[in-house]
Amino acid sequence: MKLQKTLLGLTIGSAILAMSLTTAQARELRLAHGMTVDNAQHIGLQAFADEVAKLSNGELTVTIYPNGQLGE
């Protein structure tokens, strides 16, 4: 039983390591809303986008589409 848990842990750890090595490229998250850019929620989303970019060292970016740019 202990060997099975150890093998399971090693397998999961290896899978996570492999995924992190293959996904080292930059990624983009797109957020859309129907509010104007001076709305408090948009300002909060912009702060979120800035923090995500900072904490991920630019590997993850958040693009915000305000004013219903992507539709309703």
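For the structure itself, consult the block above.
Residues numbered from 1 in each chain as written. Predicted model: local features only at pLDDT ≥ 70, side-chain atom pairs only at ≥ 80, totals over all residues. Heavy atoms only, no water.

J.: An account of the overall build of the protein chain is needed here, citing residue identities and associated values.
T.: A count of helical and extended segments in the protein chain gives two helices and two strands. Mapped in sequence order, the helices and strands of the protein chain form the string α-β-α-β. Residues classed as buried in the protein chain amount to 11% of the 72 residues present. Here the analysis covers contacts within the protein chain between residues at least 6 apart in sequence; of these, 67% occur between residues at least 24 apart. Surface accessibility of the protein chain: about 5,800 Å² in total, with carbon and sulfur atoms responsible for 62%. (Helix = DSSP H or I, 4+ residues; strand = E, 2+ residues; numbered from the N terminus. Buried < 20%, exposed > 50% of the residue type's maximum accessible area, 1.4 Å probe, protein only. Contact = heavy atoms within 4.5 Å. Areas by Shrake-Rupley, 256 points an atom, 1.4 Å probe, with all protein chains shown as cover.)

J.: Outline the pattern of salt bridges, supporting the account with residue identities and numerical values.
T.: On inspection of all chains with the given rule, the structure shows two salt bridges. Arg-30 is the salt-bridge partner of Glu-28, the closest N and O atoms lying 3.6 Å from each other. Judged by relative accessible area, which is 44%, Glu-28 ranks as partly exposed. Judged by its relative accessible area of 58%, Arg-30 is exposed. (Salt bridge = Lys/Arg side-chain N within 4 Å of Asp/Glu carboxyl O.)

J.: Run through the environment of Ala-53, naming residues and quoting values.
T.: Structurally, Ala-53 can be placed in helix α2 (residues 40-55). Note: C-alpha distance between Ala-53 and Glu-28 (25 residues apart in sequence) is 10.0 Å. Sequence-distant contacts of Ala-53, defined by excluding residues within four places in its chain, comprise Gly-58 and Leu-60.

J.: Give me the side chain of Ser-56: which residues, what numbers.
T.: When its relative accessible area of 18% is taken as the criterion, Ser-56 is described as buried. At 2.8 Å, the side chain of Ser-56 forms a polar contact with the backbone oxygen of Val-52. (Polar contact = N/O pair within 3.5 Å; in protein donor to acceptor, adjacent residues only side chain to side chain.)

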